[in-house]
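# Coordinates in review
What follows is each chain in one-letter form.
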Amino acid sequence: MLYVVIWLIVLVVSTGLFRYVSGSLSVVKPNLVSLVYYYSLLISSFIGSLLIVLGIDHYYMTEKLFRPEEYRVIGFAVVCFVMVCLPLAMLFISRVCGFHPKHEFHRYLQSPVQPIGANGNEFFYWFLALSIVSVLAILYTIWKTPQVPIFALLVGHGDTSLAELRIAASMHFKGNVLFRNIFALSLTPLLSLIAYIFAVLTNEARWKLLFLVLFAGAVFVSIYDLAKSPIFFYLIMFLLVRIYIGKTKLSAAKVLAYSVVGSIALVGMYIVIQGVRDAESFLSYNKGPIGRMIFAQIAPTFLHLNLFGEALPFLHGRSLPSILTSLFDVDNVRSARIVMAHVFPERIEDGTGGVLNTLFVAEAYANFGYLGIIVGTVYIGMMIQLLYICFLRLPKNPVFVSLFIYFSVNIPRTIVGGFTDFLFNPIWVLLVILFGGIVLFLRIKEDVWPWLEKRGMLKKIRVR
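Reading the values: rules and limits
Residues numbered from 1 in each chain as written. Predicted model: local features only at pLDDT ≥ 70, side-chain atom pairs only at ≥ 80, totals over all residues. Heavy atoms only, no water. Helix = DSSP H or I, 4+ residues; strand = E, 2+ residues; numbered from the N terminus. Buried < 20%, exposed > 50% of the residue type's maximum accessible area, 1.4 Å probe, protein only. Axes fitted to C-alpha atoms, helices over the stretch in contact; angles between N-to-C directions. Parallel < 35°, antiparallel > 145°, perpendicular 65-115°, else oblique. Contact = heavy atoms within 4.5 Å. Nonpolar A, V, L, I, M, F, W, Y, C, P; charged D, E, K, R; others polar. Salt bridge = Lys/Arg side-chain N within 4 Å of Asp/Glu carboxyl O. Phe/Tyr/Trp six-rings, centres within 6.5 Å; stacked < 30°, edge-to-face > 60°. Lys NZ or Arg CZ within 6 Å of the ring centre and 35° of its normal. Core = buried A, V, L, I, M, F, W, Y, C linked by side-chain atoms within 4.5 Å. 1 Å grid on protein atoms, 1.4 Å probe; cavity = no way out; pocket = protein on both sides within 12 Å on 5 of 7 lines; lining within 4 Å. Points joined across faces, edges and corners; volume = space filled by probe spheres on them. Expected span 1.5 Å × (residues − 1). Patch = residues over 30% accessible without salt bridge, like charges linked within 9 Å, V, L, I, M, F, W, Y side chains within 5 Å. Areas by Shrake-Rupley, 256 points an atom, 1.4 Å probe, with all protein chains shown as cover. Arc of directions from axis to C-beta.

The protein chain has the name Oligosaccharide repeat unit polymerase in an unreviewed UniProt entry, where Anoxybacteroides voinovskiense is given as its organism.

## Quick notes on the overall build of the protein chain
When helices and strands are tallied, the protein chain shows 21 helices and zero strands. A total of 464 residues make up the protein chain; the buried ones form 49% of that total.

## Let's talk about the packing of helix H14 (residues 299-307) against helix H16 (residues 335-343)
At a closest axis distance of 11 Å, the pairing of H14 and H16 adopts a crossing angle of 80°. With respect to H16, the element H14 is oriented roughly perpendicular. Residues Leu303, His304 and Leu307 of H14 form the contact with H16, whose own contacting residues are Ser335, Ala336, Val339, His342 and Val343. When the residues that make up the contact of H14 with H16 are grouped by side-chain class, the tally is five nonpolar, three polar and no charged.

## Details of the pattern of salt bridges
Using the criterion set out here, one finds six salt bridges in the structure. Note that Glu104 is salt-bridged to Arg393, the shortest N-O span being 3.0 Å. Pair noted here: Glu104 is in helix H4 (residues 101-110) and Arg393 is in helix H18 (residues 360-393), with a separation of 289 residues, a long-range link. For Glu104, a relative accessible area of 5% translates into the label buried. Of the charged contacts in the structure, one is a salt bridge between Glu204 and Arg206, with a shortest N-O distance of 2.7 Å. The structure contains a network of salt bridges with shared partners spanning Arg67, Glu70 and Glu310.

## Focus: the packing of aromatic side chains
Enumeration according to the criterion identifies 41 aromatic pairs in this entry. Judged by centre distance (6.1 Å) and plane angle (75°), the ring pair of Tyr140 and Trp143 falls under edge-to-face. You can see Tyr140 and its partner Trp143 sitting in helix H5 (residues 120-144), three residues apart, about one turn around the helix. Taken together, the ring pairs connect Phe99, Tyr108, Tyr244, Tyr388, Phe391, Phe404, Tyr406, Phe407, Phe422 and Trp428 into an aromatic cluster. For the cation-ring pair, Lys144 lies above Trp143, with the distance from its terminal atom to the ring centre recorded as 4.1 Å.

## Describing the nonpolar core
Judged by nonpolar contacts, the single largest core of 120 residues is most densely connected at Tyr244 and Phe435. Ignoring sequence-local partners within four residues, the contact set of Phe435 consists of Leu130, Leu187, Leu190, Leu191, Ile194, Val399 and Leu403. If you look at the next biggest cluster of nonpolar residues, it comprises nine residues, including Val148, Ala184, Phe220 and Tyr224.

## A look at empty space enclosed by the protein
Tallied over the entire structure, the rule returns one cavity of 30 Å³ or more. The volume enclosed by the largest cavity comes to roughly 40 Å³. His304, Ser335, Ala336, Leu356, Asn357, Thr358, Leu359, Ala362, Glu363, Gly417 and Gly418 together form the lining of the largest cavity. Contributions of two or more residues to the lining of the largest cavity are made by H16 and H18. Looking at the lining of the largest cavity residue by residue, the classes come out as four nonpolar, six polar and one charged.

## Observations concerning the side chain of Ser14
Take Ser14: it is sitting in helix H1 (residues 2-22). Residue Ser14 is classed as buried on the basis of its relative accessible area, which comes to 0%. Residues contacting Ser14, with those up to four places away along its chain left out, are Tyr37 and Met83.

## Describing helix H3 (residues 68-96)
Residue pairs three or four apart in sequence face the same way in an α-helix, which turns once every 3.6 residues. Between its first and last C-alpha atoms H3 spans 42 Å; for 29 residues at 1.5 Å apiece the expected length is 42 Å, and the two agree. At the exit of H3 stands Gly98, carrying a positive phi of roughly 60°.

## Details of a nonpolar patch on the surface
Taken together, Tyr125, Leu128, Ile132, Val135, Leu136, Leu139, Leu209 and Val213 make up a surface patch of nonpolar side chains, about 740 Å² in accessible area. When residues of the nonpolar patch are traced back to their parent elements, those giving at least two are H5 and helix H9 (205-223). Top contributing element to the nonpolar patch by residue count: H5, with six residues. Examined against the element boundaries, Leu136 turns out to sit in helix H5. Overall, the relative accessible area of 51% leaves Leu136 in the exposed class.

## A word on H16
All of the buried residues in H16 are Ser335, Ala336, Val339, Met340 and Val343. Looking straight down H16, one finds its buried side chains confined to an arc of 140°; they lie on one side.

## Looking at unusual backbone geometry
With a phi close to 50°, Arg67 is a non-glycine residue in the positive phi region. Tracing the backbone through its elements, the reader meets Arg67 in the loop between helix H2 (32-53) and H3. On the basis of relative accessibility, which here comes to 38%, the residue Arg67 falls in the partly exposed class. Of note in the backbone geometry, Asn203 takes a positive phi value of approximately 60° without being a glycine. Mapped onto the elements, Asn203 comes out in the loop between helix H8 (177-202) and H9.

## A short note on the environment of Leu130
On the secondary structure map, Leu130 appears in helix H5. Look past the residues within four positions of Leu130 in its chain and what remains in contact with it is Leu187, Leu191, Leu434, Phe435 and Ile438.

Here it is as structure tokens:
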């Protein structure tokens, strides 16, 4: 009963803090911070942590805990700390930046989308070049993947299970992984969102055609390896685009309808891909889709707390981004992979095990102990809120809207994926520099060059 009371108190306090720092926790007006609250914390972490501390989870991962009574309580305390400390860090940044969440978020929603410069042709050609690179990257991904899982599902896969094909597509890719991840898996969905906004804004056939090509590519890269979540997150991004440009207004009825359709689709994917035959266990709270939502992302946190410092030594920064570890000639490892290998070695051996991704504090703890949990939570809270404030205050053009939505969906996913991606994520950095650079270049060319020409300064520069 004590844990239930603590859980309820933390829930009320955390909800109040997140409502303030986000400007709205309404499900019909989703935003970056509210998605972090609902998806990353409430559904994926907080509900499961209560069931685990009460000992009524009966989940296969928590059965691997040693001294389970002690570590169930420790894990619950850590999750409660994150639920309160993360929005407190966001509140601190809001005060420092003079940010008024409710006012600025609603003003952003009501603002019209602005074009990028007066010369739409120039941006289109830049965008077309990126789109060609994106399509070529998809073809490269197909070429270098030993056996594309979606094709195997359609034409037959022999004795090899779909789970093994999924892991092989990720772990045994024969090409450049960074090129695949950036230009095929990440760039294509983002380009499709930008193209859609331009198609709506300009009503031009060229943008509509380009959008159709990119949309098909984005759907393919979301399902090619038979992963269940990417296609749902892509469709959520697409829905958010329509909301932010004023083409869709959500209501409680629409949210319910989308949820029902999404649940049916998810169940269908589980049945086809996982080959589910036991309906009773499939629909139970600790197995199938439900168990995956409330336990699969948080149970590994308890395993991290249980193993590192006890059965496994702390990593002391070895899972930091490889660009940093390489400076010190240290091999890069991910704590999620180490825990998988330690707890489920048979899955590594048979090729069906990848990593046990979980709440970011787990990886922070695996590297730096409890200090990592405290510093990591404060750092990520401040980073998320700074990003949220920046996007709400940037011009509302197709590029910045699409980047805003891209981060609004991918940051919540990364929060339950690890910690080090928040220190340096080459994909995020490249996308921001690439699109921010194009917009800045066009802005300078349109505003600064005419000013220089008017004063004859360009001629002086050329003469020199």
